[in-house]
Amino acid sequence: MLLRDIAEYQFDFHIAMSLFPNEKKFLIQRSIKTGKIRNILTENGQLYLVLRAQDMLFSLTLLSAEVIRINSKFPEYRVVIPNNIEQFIREGRNVFAKHVLLADPRIRGGDEVLVVNSDDKLIAIGKAKISGEEMMEYKRGVAVHVKRGVKI
């Protein structure tokens, strides 16, 4: 299975083509024990995407999240938070439903999401705990488990 096919399944065709353009080359790290693909690196060795063993889907890095942000329409794949809590999220704190200003209604629980501020600047990447619609409805609980924040 091609990496672009996995990205197309997880996101969509346009994002898959943005993540894996024909003119770019990537380095692939494989598991020593199984020989399966684990990490996708840029040509200069930066971690770009991680292929999760449990579901064979990608975990985003800040690098790949920025590619998705640039190549998708607002608010696709995004959870928008107010600017006044931005610093807490950058430090790795989770996003609570009461702080969500806007969320892509197509987000499902377990999806990889971009956390952005109202100016569409990338603040963090994380995993959605609830759907995008639920994020907009609920006023309690964790909406996004933040994996990594963008350091200033």
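Analysis parameters
Residues numbered from 1 in each chain as written. Predicted model: local features only at pLDDT ≥ 70, side-chain atom pairs only at ≥ 80, totals over all residues. Heavy atoms only, no water. Core = buried A, V, L, I, M, F, W, Y, C linked by side-chain atoms within 4.5 Å. Buried < 20%, exposed > 50% of the residue type's maximum accessible area, 1.4 Å probe, protein only. Helix = DSSP H or I, 4+ residues; strand = E, 2+ residues; numbered from the N terminus. Pairing = 2+ DSSP bridges. Polar contact = N/O pair within 3.5 Å; in protein donor to acceptor, adjacent residues only side chain to side chain. Contact = heavy atoms within 4.5 Å. Phe/Tyr/Trp six-rings, centres within 6.5 Å; stacked < 30°, edge-to-face > 60°. Lys NZ or Arg CZ within 6 Å of the ring centre and 35° of its normal. Patch = residues over 30% accessible without salt bridge, like charges linked within 9 Å, V, L, I, M, F, W, Y side chains within 5 Å. Areas by Shrake-Rupley, 256 points an atom, 1.4 Å probe, with all protein chains shown as cover. Salt bridge = Lys/Arg side-chain N within 4 Å of Asp/Glu carboxyl O.

A. Looking closely at the nonpolar core. Ranked by internal contacts, the top residues of the largest apolar core, which has 26 residues, are L19, F20, I40, F58, L60, I68 and L114. Of all the elements in the fold, those that place two or more residues in this core are α1 (3–10), α2 (13–19), β2 (37–41), β3 (47–51), β4 (58–60), α3 (62–70), β8 (112–116) and β9 (122–128).

B. Spotlight on the sheet that holds β9. Spatially, the six strands line up as an open sheet ordered β6-β10-β9-β8-β5-β7, and their pairing is mixed. Both outer strands of the open sheet, β6 (95–96) and β7 (102–103), are each paired with one neighbouring strand and no more. In this sheet, β8 lies alongside strand β5 (residues 78–80) in parallel orientation, the contact comprising three bridges. Bridge pairing in β8 links V79 to V115.

C. Seen up close, the side chain of E112. Take E112: it is sitting in strand β8. Accessibility expressed as a relative area gives 6% for E112, which makes it buried. Within the structure, E112 has its side chain in polar contact with the side chain of R52 (distance 2.9 Å). Of note is the side chain of E112, whose polar atom sits 2.8 Å from the side chain of K147. Ignoring anything within four residues of it in the chain, the contact list for E112 reads Q10, R52, F58, S59, L60, G126 and K147.

D. Region of the structure containing the packing of aromatic side chains. For the structure shown, the criterion picks out five aromatic pairs. Aromatic rings pair up to connect F20, F26, Y48 and F58 into one cluster. When the ring centre of Y77 is taken as origin, the NZ or CZ atom of R106, which lies over that ring, is 5.6 Å away.

E. Focus on α3. When α3 is considered as a whole, its buried residues turn out to be S64, A65, V67, I68 and R69. The inward-facing, buried residues of α3 contact α2, β3, β4, β5, β8 and β9.

F. The arrangement of a nonpolar patch on the surface in detail. Together, F74, L101, L102 and M136 make up an exposed nonpolar region whose accessible area comes to about 330 Å². Relative to the helices and strands, L101 resides in the loop between β6 and β7. What makes L101 partly exposed here is its relative accessible area of 46%.

G. Region of the structure containing the environment of G109. On the secondary structure map, G109 appears in the loop between β7 and β8. For G109, a relative accessible area of 48% gives the class partly exposed. Considering only alpha carbons, one finds G109 and V144, 35 residues apart in sequence, at a separation of 9.0 Å. Every residue in contact with G109, bar those within four places of it in the chain, is listed here: A128, K129, I130 and S131.

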